[in-house]
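The chain contents come next:
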Protein chains: 2
Amino acid sequence: MNQKSGKASIKLTQPVYILNSASVVGTKEGEGPLGLLFDKVGEDDLFGCATWEEAESKLQKEAVGLALDKEGLRPEDISFVFAGDLLGQSMATSFGISTYQIPLLGVYGACSTCGEALTLGVMSIAGGFADKCVCVTSSHFASAEKEFRFPLEYGNQRPLSATWTVTGSGAFVLGREAKGINGKARAAVTAMTVGKVVDYGLRDSMNMGACMAPAAADTLAQHFTDFAVTPEAYDRIITGDLGKVGQRVLVDLLRERGIDISKQHIDCGIEIFDGESQDTHAGGSGCGCSAVTLSAYVLKQLEEENWKKVLFMPTGALLSKTSFNEGRSVPGIAHAVVLESVG
Amino acid sequence: MNQKSGKASIKLTQPVYILNSASVVGTKEGEGPLGLLFDKVGEDDLFGCATWEEAESKLQKEAVGLALDKEGLRPEDISFVFAGDLLGQSMATSFGISTYQIPLLGVYGACSTCGEALTLGVMSIAGGFADKCVCVTSSHFASAEKEFRFPLEYGNQRPLSATWTVTGSGAFVLGREAKGINGKARAAVTAMTVGKVVDYGLRDSMNMGACMAPAAADTLAQHFTDFAVTPEAYDRIITGDLGKVGQRVLVDLLRERGIDISKQHIDCGIEIFDGESQDTHAGGSGCGCSAVTLSAYVLKQLEEENWKKVLFMPTGALLSKTSFNEGRSVPGIAHAVVLESVG
């Protein structure tokens, strides 16, 4: 055992590299603060499909296709694809990427799935089981509202603590060499911390930031312990989709443990929308939120060396329509990945 | 890269061991041909809970607890748990094993999830990322009917091609040493083949065996190619839940490719119920079917050296209520794991 670190973490003896990536988003995301950075913005949110679920599948398909194209790879160059989404039985994944005929390992961690897929993809390469793999996750505002909340036609009001599910998919090509087709890889993955289910008993599906913040705090505290580091080790600590409410809870929870991340913390859900002008309330959310923000914005900062080292931690609310209707709580989970600039 | 083999397979340089395991099942499974082999048979299928979903969570919790107890381990001895079920957003998993507070990597591969969880668990150990891990999957007849088909109260008729979702959970403790608490491990994992999504366009959710058989044939053919072996290399080739219809389709599909598995093939779904007397039609199915049959029956045969080497391949139908109602097909996937007697 040479790559285990602490209680829940992995310290790689050799980095694994994000060779390339792609982001495909919907119209609203295209109009947001990161709009110009995404590889592709759809003309409308059905992406030429008959249903929202098909549209989400197409997002995944296009993101994977684009990421492979950008790196000059064909599907047969990829050993495994690690993929997931938020829908029941990971429906967007089942139909989205089957055309590529790459061996598939489906993952589910709610909105933390991008962190989980990257963790497992990195393990498959660092363990010598794969040469190259692809990690992809997606979400779609309309398919998520249908899956978890109300029909769009119902036009329900949303409290200010609610987040807006991002329509988008981010795909990442991982490999063991630091050099990609562009001369250098987009970033190096050097360590990971795997989260556990944390349940504070919250039951409000319209305040998922608060539901997820305890899990985010738990994984971060575990990470700092496992690696004996402080928040200052990172230029940014980037959560997936806590939004404005969850961010406040996270900072407060960690302060109680004597950890101050207020200077380093940003949240993909807060970055991706302008809450005021876009009426997205607490921020963006979903499997696609952290994935497209990582691909379009975070990796760009690492490439340009504006940031040298960041902790990227998608956060998930383990919510289902059935468990919610049965009065169960909404537990959270968060998986952290250390990303470094390759210079 | 030292452990990749062929297009979709992994050949381990050192085996990973199933140190111990446990199976917890419902009443009907307890009355079936394997009834006496299961570790625990529930008194009724609610397992003391208020809902079917809670009951399924409890199955997972008990299976993991029992497997750890049998091996004399505590939850904190386990690096990661790889877990999944069939319900939307893997609900049984989110609530089932959170009490153990082990870092969780959620997986989804429909009824192939046991194969996927074992594959990833083995990778985490063989790659040096974990010392010990747990893999667990579950299904429950009543929660699955509610999730995928009709309310039980409706009393719908079932065609003879339909399978009966197994109420049960199987948990496996993996480690790197051949010796468990019982003197020797239950079996060695020496290789894996990861399946891809195979879609023949079938749309009948009451004939999942036929939907999954093409994926089973694909993974098996790939396995034989990747390792340059024939079915005779195995004492048994064990699919998860094809049932009687799917078994016929699988044998025929492989015969068309010049491969004859009729002498070696058995199916967990056929073994677990007596179709005639138990009114289960084509056989058992679900994430729990292959898991409990592996734990109670297959591993026992390997321990007693009745079989020396088997190919264990859970099969999954990538079905969701929404995709089915939208008229989509039911694609399949299957992941194969080579298990050997430790003598």
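Residues numbered from 1 in each chain as written. Chains lettered and ligands numbered in written order. Predicted model: local features only at pLDDT ≥ 70, side-chain atom pairs only at ≥ 80, totals over all residues. Heavy atoms only, no water.

- For chain A, an unreviewed UniProt entry supplies the name Stage V sporulation protein AD and the organism Acetatifactor muris.

### A look at the overall build of chain A
Line of reasoning, step 1. Helix and strand counts for chain A come out as eleven helices and 16 strands.
Line of reasoning, step 2. Here chain A has a C-alpha radius of gyration of 18 Å; the compact-globule value for 343 residues is 20 Å, and the two agree.
Line of reasoning, step 3. Every one of the 343 residues in chain A was classed for burial, and the buried ones make up 68%.
Line of reasoning, step 4. Across chain A, every contact between residues at least 6 apart in sequence was considered, and the portion connecting residues at least 24 apart equals 78%.
Line of reasoning, step 5. Summed over its atoms, the accessible surface of chain A is roughly 11,000 Å², and 48% of this surface lies on carbon and sulfur atoms.
Line of reasoning, step 6. Taking the 30 positively charged and 41 negatively charged side chains of chain A as two groups, their mean positions are separated by 5 Å. (Helix = DSSP H or I, 4+ residues; strand = E, 2+ residues; numbered from the N terminus. Rg over C-alpha atoms; globule rule 2.2 N^0.38 Å. Buried < 20%, exposed > 50% of the residue type's maximum accessible area, 1.4 Å probe, protein only. Contact = heavy atoms within 4.5 Å. Areas by Shrake-Rupley, 256 points an atom, 1.4 Å probe, with all protein chains shown as cover. Lys, Arg positive; Asp, Glu negative; His and termini not counted. Charge placed at Lys NZ, Arg CZ, Asp CG, Glu CD.)

### Describing the domain arrangement of chain A
Residue and element names in this part refer to chain A.
Line of reasoning, step 1. Per the domain assignment, the segments of chain A are domain 1 (17-175) and domain 2 (187-340).
Line of reasoning, step 2. Placing the centre of domain 1 and that of domain 2 at their C-alpha centroids yields a distance of 18 Å.
Line of reasoning, step 3. The junction of domain 1 with domain 2 conceals about 4,100 Å² of combined surface from both sides, 69% of it contributed by carbon and sulfur atoms.
Line of reasoning, step 4. Summed over the three residues of domain 1 that lose the most area to domain 2, namely Ile 18, Cys 111 and Thr 163, the buried surface amounts to 15% of that side.
Line of reasoning, step 5. For the pair domain 1 and domain 2, the number of links is zero salt bridges.
Line of reasoning, step 6. Mapped onto the side of domain 1 that touches domain 2, the elements with two or more residues apiece are strand S2 (9-25), helix H1 (27-30), helix H4 (113-126), strand S6 (132-139), helix H5 (141-148), strand S7 (164-165) and strand S8 (168-175).
Line of reasoning, step 7. Looking at side-chain class alone, the side of domain 1 that touches domain 2 contains 25 nonpolar, 19 polar and ten charged residues. (Domains from an automatic or database assignment. Buried area = accessible area lost by both parts, 1.4 Å probe. Salt bridge = Lys/Arg side-chain N within 4 Å of Asp/Glu carboxyl O. Nonpolar A, V, L, I, M, F, W, Y, C, P; charged D, E, K, R; others polar.)

### Remarks on helix H2 (residues 52-70) of chain B
A turn of α-helix holds 3.6 residues, and therefore any two residues three or four places apart point the same way.
Residue and element names in this part refer to chain B.
Line of reasoning, step 1. Taking 1.5 Å of rise per residue, 19 residues should cover 27 Å, and H2 covers 27 Å from first to last C-alpha, within 8% of that figure.
Line of reasoning, step 2. All of the buried residues along H2 are Glu 53, Ala 55, Glu 56, Ser 57, Leu 59, Gln 60, Ala 63, Val 64, Gly 65, Ala 67 and Leu 68.
Line of reasoning, step 3. Positive backbone phi, at 65°, marks Gly 72, one or two positions downstream of H2. (Expected span 1.5 Å × (residues − 1).)

### Things to note about the packing of aromatic side chains
Residues and elements named next belong to chain A.
Line of reasoning, step 1. Summed over the entire model, instances satisfying the criterion amount to eight aromatic pairs over all chains.
Line of reasoning, step 2. Arranged with centres 6.5 Å apart and planes meeting at 75°, the rings of Phe 80 and Phe 82 form a pair that is edge-to-face.
Line of reasoning, step 3. On the accessibility criterion, Phe 80 (0% relative accessible area) is buried.
Line of reasoning, step 4. With centroids separated by 5.3 Å and ring planes inclined at 35°, the aromatic side chains of Phe 150 and Tyr 154 adopt a geometry described as tilted.
Line of reasoning, step 5. The class of Phe 150 is partly exposed, set by a relative accessible area of 36%.
Line of reasoning, step 6. A residue is classified by how much of its surface remains accessible, and Tyr 154, at 56% relative accessible area, is exposed.
Line of reasoning, step 7. In this structure, Lys 28 packs its charged tip against the face of Trp 164, placed 4.3 Å from the ring centre. (Phe/Tyr/Trp six-rings, centres within 6.5 Å; stacked < 30°, edge-to-face > 60°. Lys NZ or Arg CZ within 6 Å of the ring centre and 35° of its normal.)

### Some remarks on the relation of the copies chain A and chain B
Line of reasoning, step 1. With an RMSD of 0.0 Å, the fit of chain A onto chain B corresponds to turning through 180° and sliding 0.0 Å along the axis. Those values place the two copies in the arrangement expected of a two-fold rotation axis.
Line of reasoning, step 2. Comparing interface residues between copies, 100% of those in chain A also sit at the interface in chain B, which points to an isologous, same-surface contact. (Least-squares fit on C-alpha atoms with pLDDT ≥ 70 in both.)

### Side note on the interface of chain A and chain B
Line of reasoning, step 1. With 63 residues of chain A in contact, the opposing surface of chain B contributes 63 residues.
Line of reasoning, step 2. On inspection of chain A and its partner chain B, the count reaches two salt bridges.
Line of reasoning, step 3. Of the charged contacts in the structure, one is a salt bridge between Lys 146 of chain A and Glu 326 of chain B, with a shortest N-O distance of 3.0 Å.
Line of reasoning, step 4. Linking chain A to chain B there are 22 residue pairs in polar contact (both at pLDDT 80 or more). (Polar contact = N/O pair within 3.5 Å; in protein donor to acceptor, adjacent residues only side chain to side chain.)

### Notes on the pattern of salt bridges
Residue and element names in this part refer to chain A.
Line of reasoning, step 1. Counted according to the given criterion, the structure contains 30 salt bridges over all chains.
Line of reasoning, step 2. Where Arg 255 meets Asp 260, a salt bridge forms, and the shortest distance between an N and an O atom there is 3.7 Å.
Line of reasoning, step 3. Exposure remark for Arg 255: the relative accessible area of 46% places this residue in the partly exposed category.

### Brief notes about the nonpolar core
Line of reasoning, step 1. Among the nonpolar cores identified, the biggest contains 100 residues, and Leu 174 of chain A together with Leu 174 of chain B are the most heavily contacted of them.
Line of reasoning, step 2. Sequence-distant contacts of Leu 174 of chain A, that is, excluding residues within four places in its chain, are made with Val 16, Tyr 17, Ile 18, Leu 19, Leu 118, Gly 121, Val 122, Ile 125, Asp 131, Lys 132, Cys 133 and Cys 135 of chain A. (Core = buried A, V, L, I, M, F, W, Y, C linked by side-chain atoms within 4.5 Å.)

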